[in-house]
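Coordinate analysis (summary)
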Protein chains: 2
Amino acid sequence: MKQNNDACEIFCINEKIVKEVKSSMLSDEEFFKLSENFKIISDSTRIKILYALSKKELCVCDLATILKMKQSAISHQLRILKDTRLVKFRKEGKIVYYSLIDKHVIKLLDMGVEHAKE
Amino acid sequence: MKQNNDACEIFCINEKIVKEVKSSMLSDEEFFKLSENFKIISDSTRIKILYALSKKELCVCDLATILKMKQSAISHQLRILKDTRLVKFRKEGKIVYYSLIDKHVIKLLDMGVEHAKE
DNA sequence: TGAATATATGAGCAGATATTCATATATATA
DNA sequence: TATATATATGAATATCTGCTCATATATTCA
């Protein structure tokens, strides 16, 4: 089958349907952003952190204890969650307490849990 | 900070809260499955395929045309979507038509889109 | 000021993943 | 049967990602 580097040049295409579906697609940028958002909750460590924080504000070492993981691993993931504005923090002395900003994400997680049950 | 390989041994832990949150966590296996599910929709190619198929049943080369990607790339991703039971297919001669099994996943995608708009 | 604690972060590594290329398989048709 | 088409798939590669280790930073307290 001949194809160039940019697109496919195959001959079985149903042009009408392709055109129709193409016009209803979102932009590449929108799809990319969407995938980036889901990427955040596609790692079980991050899901655990978000889930734990949905119950209570927690410091880094509490999270490390709950997840049975090293402090630095937790810190690295918290940075990602902070950068994507899913969590916020407040400092109390040398202890840093993290909490959820975005409860929307918990809805998504819950939907995933429901889905898994089916 | 001293830590062993299995867990953290730091001293700032709020035992009561840790115990409380710990008991409300899901199992590691559940978190893992959850992350696996979100992993499927954390790739923009797969999201595009699912989105396109939510509009209409499509063959592989139509998908390749719509996404402007090579046929083999689409086939590889379709296999993943097939293995995770998100899509099904029917053959009509040498053409293979794919369609959605799981409309639930589209709800998740839509929630993501809504979220992005906020 | 010095020591201890709590967290953050850079470098490096190991494992995962998406795409491409080449090719195999399956079907239709001349 | 031979050829062309449609799809599937294995291997190779490049990129990404999460964790660990070591260390830096910040804060508290003696």
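Everything that follows concerns the structure shown earlier in this document.
Throughout what follows, the structure given in this document is the object of discussion. (Residues numbered from 1 in each chain as written. Chains lettered and ligands numbered in written order. Predicted model: local features only at pLDDT ≥ 70, side-chain atom pairs only at ≥ 80, totals over all residues. Heavy atoms only, no water.)

1. Comments concerning the interface of chain A and chain B
The partner chain B presents 61 residues to the 61 residues of chain A that form the contact. Summing the contributions of chain A and of chain B, the shared interface buries around 5500 Å²; its carbon and sulfur component is 71%. Summed over the shared surface of chain A and chain B, the result is 4 salt bridges. In this structure, B:D28 and A:K48 form a salt bridge, with 3.3 Å as the shortest nitrogen-oxygen distance. (Contact = heavy atoms within 4.5 Å. Buried area = accessible area lost by both parts, 1.4 Å probe. Salt bridge = Lys/Arg side-chain N within 4 Å of Asp/Glu carboxyl O.)

2. Focus: helix 3 (residues 44-55) of chain A
Residues and elements named next belong to chain A. The first and last C-alpha atoms of helix 3 sit 17 Å apart over 12 residues, in line with the 16 Å expected at 1.5 Å per residue. With 10 of 12 residues buried, helix 3 is to be regarded as a mostly interior element. Among all positions in helix 3, only S44, T45, R46, I47, K48, I49, L50, Y51, A52 and L53 are buried. Capping of helix 3 at its N-terminal end is provided by D43; its side-chain oxygen lies 3.1 Å from the backbone amide nitrogen of T45. (Helix = DSSP H or I, 4+ residues; strand = E, 2+ residues; numbered from the N terminus. Expected span 1.5 Å × (residues − 1). Buried < 20%, exposed > 50% of the residue type's maximum accessible area, 1.4 Å probe, protein only. Polar contact = N/O pair within 3.5 Å; in protein donor to acceptor, adjacent residues only side chain to side chain.)

3. Here we look at the relation of the copies chain A and chain B
In this arrangement, two copies of a chain are superimposed by a rotation about an axis accompanied by a shift along the axis. Least-squares fitting of chain A to chain B yields an RMSD of 0.0 Å, with the superposition described by an axial translation of 0.0 Å and a rotation of 180°. Accordingly, the operation relating the two chain copies is best matched by a two-fold axis. In this assembly the copies share their binding face: 100% of the residues contributing to the interface of chain A also contribute to that of chain B. (Least-squares fit on C-alpha atoms with pLDDT ≥ 70 in both.)

4. Things to note about the nonpolar core
A:F38, A:I41, A:L50, B:F38, B:I41 and B:L50 are the most contacted members of the largest nonpolar core, which has 70 residues in total. Residues within four places of A:I41 in sequence aside, it is in contact with A:I47, A:L50, A:V105, A:L108, A:L109, B:S35 and B:F38. (Core = buried A, V, L, I, M, F, W, Y, C linked by side-chain atoms within 4.5 Å.)

5. Observations regarding the pairing of strand 3 (residues 95-100) of chain A
All names here are of chain A. Of all 6 residues making up strand 3, 5 are buried, and the element is well covered by its neighbours. Two elements, strand 1 (residues 58-59) and strand 3, share 2 bridges in a ladder whose sense is antiparallel. Residue pairing across strands places L58 opposite Y98, the latter belonging to strand 3. Strand direction decides the pairing type here: strand 2 (residues 87-92) and strand 3, joined by 6 bridges, are antiparallel. Bridged to K91 within strand 3 is V96. Taking the residues that link successive antiparallel strands as the turn, the strand 2-strand 3 hairpin has 2 residues, and the phi of G93 there is positive, at about 65°. (Pairing = 2+ DSSP bridges.)

6. What about the state of the cysteines?
All names here are of chain A. Going through the model one piece at a time under the given rule, you end up with 0 disulfides over all chains. The thiol of C59 is unpaired, and the distance to the nearest cysteine sulfur, on C61, comes to 3.4 Å. C59 gets classed as buried once you look at its relative accessible area, which sits at 2%. (Disulfide = S-S within 2.5 Å.)

7. Observations regarding the environment of A:K56
Locating A:K56 in the fold gives a position in the loop between helix 3 and strand 1. Exposure remark for A:K56: the relative accessible area of 29% places this residue in the partly exposed category. Along the chain, A:K56 and A:Y98 lie 42 residues apart, while their C-alpha atoms are 9.0 Å from each other. Apart from the residues lying within four places of it in its own chain, the contact partners of A:K56 are B:I17, B:E20 and B:V21.

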